[in-house]
Amino acid sequence: QVQLVESGGGSVQAGGSLRLSCASSGFTVSSGCMGWFRQAPGKEREVVARITRGGTTSYADSVKGRFTISRDNAKNTLYLQMNSLKLEDTAMYYCAARYTRLDYCGVTRSEYNYWGQGTQVTVSS
């Protein structure tokens, strides 16, 4: 049984930093795609960052240069380092995963099989 558990969310002032973690059990983080999505109230869930089986990373334009996705294979954990946070980064952040042998990760939520429960990030002025 796959379980993804996010942590590290919280409240921070604009310009600050947070690091989100996603501890995985039942799914090896290097065995497929892993991604971070976010959903603000009244908005669609959107992809923020992805990391492929081979370690290739991709980012939404809105976070490029500010966010970094990484994984620790030994700890079987996915991370999202978020710097220079903006008000518009406020959202619930979700970790997602899917098994694949391809070195490609999709951008839509339907392409991911497993989801965490989410962790709230609130950025204030």
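Predicted model only: the values in this text are computed from it and were never measured. Here, residues in each chain are numbered from 1, in the same order as that chain's written sequence. Owing to the predicted nature of the model, reporting of local features is limited to residues with pLDDT of at least 70; listing and counting of side-chain atom pairs is limited to 80 or more, with chain, interface and lining totals taken over all residues. Neither water nor hydrogens contribute to the side-chain values; these are computed over all heavy atoms in the structure.

### Quick word on the overall build of the protein
Line of reasoning, step 1. When its secondary structure is counted, the protein shows zero helices and eleven strands.
Line of reasoning, step 2. Ordering the α and β elements of the protein from the N terminus gives β-β-β-β-β-β-β-β-β-β-β.
Line of reasoning, step 3. Here the globule rule is a power law, 2.2 Å times the number of residues to the power 0.38, and the radius of gyration is based on C-alpha atoms. Relative to the compact-globule value of 14 Å for 125 residues, the protein shows a C-alpha radius of gyration of 13 Å, a close match.
Line of reasoning, step 4. Principal axes of the C-alpha set define a box for the protein whose edges measure 40 × 25 × 25 Å.
Line of reasoning, step 5. Burial classes: relative accessible area under 20% of the type maximum marks a residue as buried, over 50% as exposed, and values in between as partly exposed (1.4 Å probe, protein chains only). For the protein, buried positions account for 44% of its 125 residues.
Line of reasoning, step 6. At a minimum sequence separation of 6, the contacts of the protein that also span at least 24 residues come to 61%.
Line of reasoning, step 7. When charges are counted, neither His nor the chain ends are considered; positive counts come from Lys and Arg and negative counts from Asp and Glu. Every charge is mapped onto a representative atom, which is NZ of Lys, CZ of Arg, CG of Asp or CD of Glu. With 14 positive and 9 negative side-chain charges, the protein shows a spacing of 4 Å between the two charge centroids. Put simply, DSSP marks the helices as runs of H or I at least four residues long and the strands as runs of E at least two long, and each gets a number from the N terminus on. We call two residues in contact when some of their heavy atoms are within 4.5 Å.

### Overview of the sheet that holds strand S1 (residues 3-7)
Line of reasoning, step 1. Taken together, the four strands give an open sheet; going across it, the order is S1-S3-S8-S7, and neighbouring strands pair in antiparallel fashion. A strand with exactly one partner marks an edge of an open sheet, and here the two such strands are S1 and strand S7 (67-72). Between one strand axis and the next, the sheet turns through 15 degrees on average, direction left out of account.
Line of reasoning, step 2. For two strands to be treated as a pair, DSSP must find no fewer than two bridges joining them. In this structure, S7 lies alongside strand S8 (residues 77-82), joined through six bridges in antiparallel fashion. Within S8, the position partnered with Arg71 by the bridge is Leu78. Angles shown run from 0 to 180 degrees and are taken between the N-to-C directions of axes, each axis being a line fitted to C-alpha atoms and, for helices, limited to the stretch in contact.

### Some details on the environment of Ser7
Line of reasoning, step 1. Position of Ser7 among the secondary structure elements: in strand S1.
Line of reasoning, step 2. Its relative accessible area of 36% is what places Ser7 among the partly exposed residues.
Line of reasoning, step 3. Residues Ser7 and Ile51, 44 residues apart in the sequence, show an inter-C-alpha distance of 18 Å.
Line of reasoning, step 4. Setting aside its immediate chain neighbours within four residues, Ser7 contacts Arg19, Leu20, Ser21 and Thr119.

### Section: the nonpolar core
Line of reasoning, step 1. Ranked by internal contacts, the top residues of the largest apolar core, which has 27 residues, are Met34, Trp36, Leu80, Met82 and Tyr93.
Line of reasoning, step 2. Listed by contribution, the elements that provide at least two residues to this core are strand S3 (18-25), strand S4 (32-39), strand S5 (46-51), S7, S8, strand S9 (91-99) and strand S11 (119-124).
Line of reasoning, step 3. The element contributing the most residues to this core is S9, with four residues.
Line of reasoning, step 4. Side-chain atoms within 4.5 Å are what join buried Ala, Val, Leu, Ile, Met, Phe, Trp, Tyr and Cys residues into a set we call a nonpolar core. Judged by nonpolar contacts, the second largest core, of six residues, contains Cys33, Phe37, Val47 and Cys105.

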